[in-house]
Amino acid sequence: MGTIKSHRDLEAWQVAMDLVDRIYDLSELFPAKERYGLQSQLRRAGVSVASNIAEGQARPLRAALNQLSIALGSLAEIDTQIEVARRRKYLDESSLQTFYPLLDSTFKLVRGLGRAKKYTLLKQSAQRTGAAVLVCYMLTALVS
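Rules and cut-offs
- Residues numbered from 1 in each chain as written.
- Predicted model: local features only at pLDDT ≥ 70, side-chain atom pairs only at ≥ 80, totals over all residues.
- Heavy atoms only, no water.
- Phe/Tyr/Trp six-rings, centres within 6.5 Å; stacked < 30°, edge-to-face > 60°.
- Helix = DSSP H or I, 4+ residues; strand = E, 2+ residues; numbered from the N terminus.
- Buried < 20%, exposed > 50% of the residue type's maximum accessible area, 1.4 Å probe, protein only.
- Expected span 1.5 Å × (residues − 1).
- Arc of directions from axis to C-beta.
- Polar contact = N/O pair within 3.5 Å; in protein donor to acceptor, adjacent residues only side chain to side chain.
- Salt bridge = Lys/Arg side-chain N within 4 Å of Asp/Glu carboxyl O.
- Contact = heavy atoms within 4.5 Å.
- Core = buried A, V, L, I, M, F, W, Y, C linked by side-chain atoms within 4.5 Å.

Structural notes on the packing of aromatic side chains
The final tally for this structure, using the stated rule, is 2 aromatic pairs. A ring pair is formed by Phe30 and Tyr90, whose centres lie 5.6 Å apart and whose planes are at 45°; its orientation type is tilted. Of this pair, Phe30 sits in the loop between helix H1 (11–27) and helix H2 (38–57) while Tyr90 sits in the loop between helix H3 (61–87) and helix H4 (93–96), and the two are 60 residues apart along the sequence. Taking the centre distance of 5.6 Å and the plane angle of 70° together, the rings of Phe99 and Tyr100 count as edge-to-face. Residue class for Phe99 comes out buried when judged on its relative accessible area of 0%.

Considerations on H1
Here H1 contains 17 residues, and its C-alpha end-to-end distance of 24 Å stays within 8% of the 24 Å for a straight helix at 1.5 Å per residue. Turning to H1, its buried residues number three or more, namely Ala12, Trp13, Val15, Ala16, Leu19, Val20, Ile23, Leu26 and Ser27. The buried residues of H1 occupy an angular sector of 160° when projected down its axis, which confines them to one face.

A short note on the side chain of Ser48
Structurally, the position occupied by Ser48 is in helix H2. Look at Ser48 and you get buried, because its relative accessible area is 19%. One polar contact links Ser48 to Ser74, side chain to side chain, over a distance of 2.9 Å.

Some details on the pattern of salt bridges
Within the structure shown, the criterion is met by 6 salt bridges. The shortest N-O distance in the salt bridge between Arg86 and Glu83 comes to 2.6 Å. Of the two residues, Arg86 and Glu83 both sit in helix H3, 3 residues apart, roughly one turn of that helix. Salt-bridge contacts for Lys108 lead to Asp104; the nearest nitrogen and oxygen are separated by 3.1 Å.

What to know about the side chain of Lys117
Counting through the fold element by element, Lys117 comes out in helix H5 (residues 99–129). A distance of 3.1 Å separates the side chain of Lys117 from the side chain of Gln57, its partner in a polar contact. Excluding its chain neighbours within four sequence positions, the residues that come into contact with Lys117 are Gln57, Leu61, Ala64, Leu65 and Leu68.

Some remarks on H3
With 27 residues, H3 extends 39 Å between its outermost C-alpha atoms, agreeing within 8% with the 39 Å of an ideal straight helix rising 1.5 Å per residue. Lys89 lies just past H3 and shows a positive phi near 65°.

Section: the nonpolar core
With 32 residues, the main nonpolar core has Leu19, Ile53, Leu75, Ile78, Ile82 and Phe99 as its most contacted residues. Ranked by residue count, the leading element in this core is H1, at 8 residues. With residues near it in sequence (within four places) discarded, Ile78 still touches Leu19, Ile23, Leu42, Ala45, Gly46, Val49, Phe99 and Leu103.

Section: unusual backbone geometry
Here Lys89, not a glycine, exhibits a phi torsion of approximately 65°, which is positive. For Lys89, the position within the fold is in the loop between H3 and H4.

Considering the environment of Glu55
Locating Glu55 in the fold gives a position in helix H2. In this structure Glu55 comes out as partly exposed when scored by relative accessible area, which is 38%. C-alpha separation for the pair Glu55 and Gln67, spaced 12 residues apart in sequence, amounts to 6.9 Å.

Below is the structure:
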């Protein structure tokens, strides 16, 4: 893995951008009456995922974790909004065959990025406070 210089180097951001493209493609299939409703909301949620990953990468670790949490919330919104579109028959199952794996991949990458940032935060904390605190925290994290 190369050096991370910006959010553009993060696989999570790259896949989130692919998800945004797919959301725009799928939402083009919605009826005109949804232009300012579900279509707009779905697109904003998609852009929010990639934007929060990018913003988190540019901020300190604790703030980055918050941004990643927001990105996960937006992914849950997307899942719900796509389900609404499917139930309203704006989308059929065949159009969603490639969407769900992309959504799942984005969820996994954002969660993994969050875990990596938590680990880095733990390491920094241990360097400041000592290894005993780290051991206690890691034991607590394993239990929860």
